[in-house]
Amino acid sequence: MKTNNIRNFSIIAHIDHGKSTLADRLIEYTGTLSSRQMEAQVLDNMDLERERGITIKAQSVRLEYTAKDGETYMLNLIDTPGHVDFTYEVSRSLAACEGALLIVDAAQGIEAQTLANVYLALDNDLEIITVINKIDLPSADPERVKQEVEDVIGLDTSEAVLTSAKSGIGIEEVLEAIVKKIPPPKGTVEEPLCALIFDSHFDAYKGVIAYVRVINGIIKPGMKMKMMATNKIVEVTEVGVFRPAMTNVSELAPGHVGFVAGSIKNVKDVRVGDTITDADRPVAEALSGYRKVTPMVYCGLYPVDSSEYDLLRDALEKLKLNDASLVFEPETSSALGFGFRCGFLGLLHMEVIQERLEREYNITLITTAPSVIYKVFKTDGEIFEIENPSKLPTPQEIEHIEEPYVKAMVIVPNDYVGVVMELSQEKRGEFKDMKYLDVTRVMLTYELPLSEIIYDYFDRLKSATRGYASLDYELLGYRESKLVKLDILLNTEPVDALSIIVHRDKATYRGRILVEKLRGIIPRQMFEIPIQAAIGNKVIARETVRAMRKDVLAKCYGGDISRKRKLLEKQKEGKKRMKQVGNVEVPQEAFMAILKID
Ligand code: GDP
Ligand code: MG
């Protein structure tokens, strides 16, 4: 097919505005899959993604469409992950395109991720086609939403397409707009091979599969390709396209989107954003924008049953095969025993990995509260990073500490501006900007410590605004903060896995609430358990779990054996997520209690 008849595009949208549904309709309309093969939301193919209605891994599909002008076009739809944790992946998927469909819910209007994604698309110079979706809803107000897109983003919406992806309205108009408005790829076969890696996955038989967009040159089996960031050279064994099942082809030419395999064993060698070139005739320069993704959030993962440690390591290794952004290393906690400290792109990424470990590998885990990476500047001149609060040196050794800050964008109805400001202030946020989107909605910009976002900012934002607020954020960099380590002692023994790093001004308050919470969470035992919060050697709060008066089983001594067994079983259930710390049983909730404070 002529390069002129190729269109590469993405769909960008705030979560739930209808991206997956529209993608399904496009696939259906172009007959890429028969209706028998068509399963709702074919692109969200991981079970977990489908259940949670989110896209984690970008998928891609090649469609063929015969337009009203009589020409047949090859349309490559590159799906993007729909969550703030994966912004970099989104930006690379967009870099593989010439255009994007911007979907906005006709009832809801612009939300935080709409804007974040539009900015990424504009950064990549994409042609943007505005699609106002869900026009079937009684509360739809396409005119108001169009106006909002004009005012806030500055896009001309006179040719916006109105759709109902659900009922199949406007699908042909979307396809026609793609063909007419999005420019065809440039690029030539004569130049040396240059292809952008926008995603990858591990296949047990073929090794790592790189998802690529060819810019210049040809890639085909037999040639030697080189990944420029890692300098890895391998022979290409297969190339193909997504229909959406992977289908081999003889070669990929300029403008094409597809996959490349070459018996690569490690996803680390195939990095998103990297450039593939011909090892025998390399390009001088790699494509711009490559960045090594680094974890932002860390937590400890410990098997409840220590005999499952090897199982956990194997499972993490398997998950890592498919996920270069997951990092882990062995960690020992005096409280929890042997486990791993794991790094994730963000909270959602963390939850997804935890859930997969439990579901797919059947491991019962104790997870410690998530932490950001702190930069510690010691008085002796040493600078190092810690991702585990218990590793913080003593206050005497510390000159100062820096923590990551983000720029957060919150969109809310007017009425909630006050509560959002209050919450953001409480979370150490610095007010930056407030802008009216229309007469009823406002966009607030704050700079906040990432750790506060991880604590419970989003949950509280949602509840304070009855679910109306949307949030997006991006990393700004490190800033100095007055931080201290808060230790928790059970039965006078410090529990390393419960240590947290908090702002000095909040330490006493948080310490007090935390011990109060722990008193409610830690079950009574035969002896009294003091719970203390301390900063350095100074105890700042104390509570006591009273000793149990009687054996619970005593009640059952009436001979009713089945009732007794039930009770024992119930206790065993309850024990599933407990860890013996010294002589105290600590349930999982205790390690997460810190997230539910304030
Ligand atoms: P995504 O998160 O952007 O991928 O959104 P989905 O495609 O998963 O859609 C989110 C929800 O909106 C689902 O329940 C869809 O059925 C629904 N939805 C999508 N498009 C439309 C539409 O045109 N009209 C209506 N009424 N609902 C829609
Ligand atoms: Mg979706």
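Residues numbered from 1 in each chain as written. Chains lettered and ligands numbered in written order. Predicted model: local features only at pLDDT ≥ 70, side-chain atom pairs only at ≥ 80, totals over all residues. Heavy atoms only, no water.

- As annotated in an unreviewed UniProt entry, the protein carries the name Elongation factor 4 and is attributed to Pelosinus baikalensis.
- Per UniProt, the protein carries the Sequence similarities (unreviewed entry) text "Belongs to the TRAFAC class translation factor GTPase superfamily. Classic translation factor GTPase family. LepA subfamily." (UniProt positions renumbered as here; feature names shortened; annotations may be inferred.)

1. Structural notes on a nonpolar patch on the surface
Point 1. On the surface, F431, M434 and Y436 cluster together into a nonpolar patch covering about 300 Å² of accessible area.
Point 2. Positionally, M434 belongs in strand β22 (residues 430-436). (Patch = residues over 30% accessible without salt bridge, like charges linked within 9 Å, V, L, I, M, F, W, Y side chains within 5 Å. Areas by Shrake-Rupley, 256 points an atom, 1.4 Å probe, with all protein chains shown as cover. Salt bridge = Lys/Arg side-chain N within 4 Å of Asp/Glu carboxyl O. Helix = DSSP H or I, 4+ residues; strand = E, 2+ residues; numbered from the N terminus.)

2. With respect to the site of ligand 1
Point 1. In the neighbourhood of ligand 1, 16 residues make up the surrounding shell, with D16, K19, S20, T21 and D136 lying closest.
Point 2. Residue S164 places a side-chain N or O atom 3.3 Å away from an oxygen atom belonging to ligand 1.
Point 3. Between A165 and ligand 1, the recorded distance is 2.9 Å, taken from a backbone N or O atom to an oxygen atom.
Point 4. The fraction of the free accessible surface of ligand 1 (570 Å²) that becomes covered by protein chains is 80%.
Point 5. With three residues, the single largest contributor to the shell around ligand 1 is helix α1 (residues 19-29).
Point 6. For the shell around ligand 1, the residue count by class is three nonpolar, eight polar and five charged. (Near = heavy atom within 4 Å. Polar contact = N/O pair within 3.5 Å; in protein donor to acceptor, adjacent residues only side chain to side chain. Nonpolar A, V, L, I, M, F, W, Y, C, P; charged D, E, K, R; others polar.)

3. What about the pattern of salt bridges?
Point 1. Under the defined criterion, the tally for this structure stands at 34 salt bridges.
Point 2. As a salt-bridge pair, R25 and E28 come within 3.0 Å of each other at their nearest N and O atoms. Note that R25 and E28 are positioned in helix α1 at a spacing of three residues, about one turn of the helix.
Point 3. Taking the relative accessible area as the measure of exposure, R25 reaches 18% and is therefore buried.
Point 4. Here E28 falls in the partly exposed class, since its relative accessible area comes to 35%.
Point 5. With a shortest N-O distance of 4.0 Å, K378 and D380 are connected by a salt bridge.
Point 6. Taking relative accessible area as the criterion, K378 reaches 15% and is therefore assigned buried.
Point 7. What makes D380 exposed here is its relative accessible area of 56%.
Point 8. Several salt bridges share partner residues, and in doing so they unite E111, D141, R144, E148, D438 and R441 into one network. (Buried < 20%, exposed > 50% of the residue type's maximum accessible area, 1.4 Å probe, protein only.)

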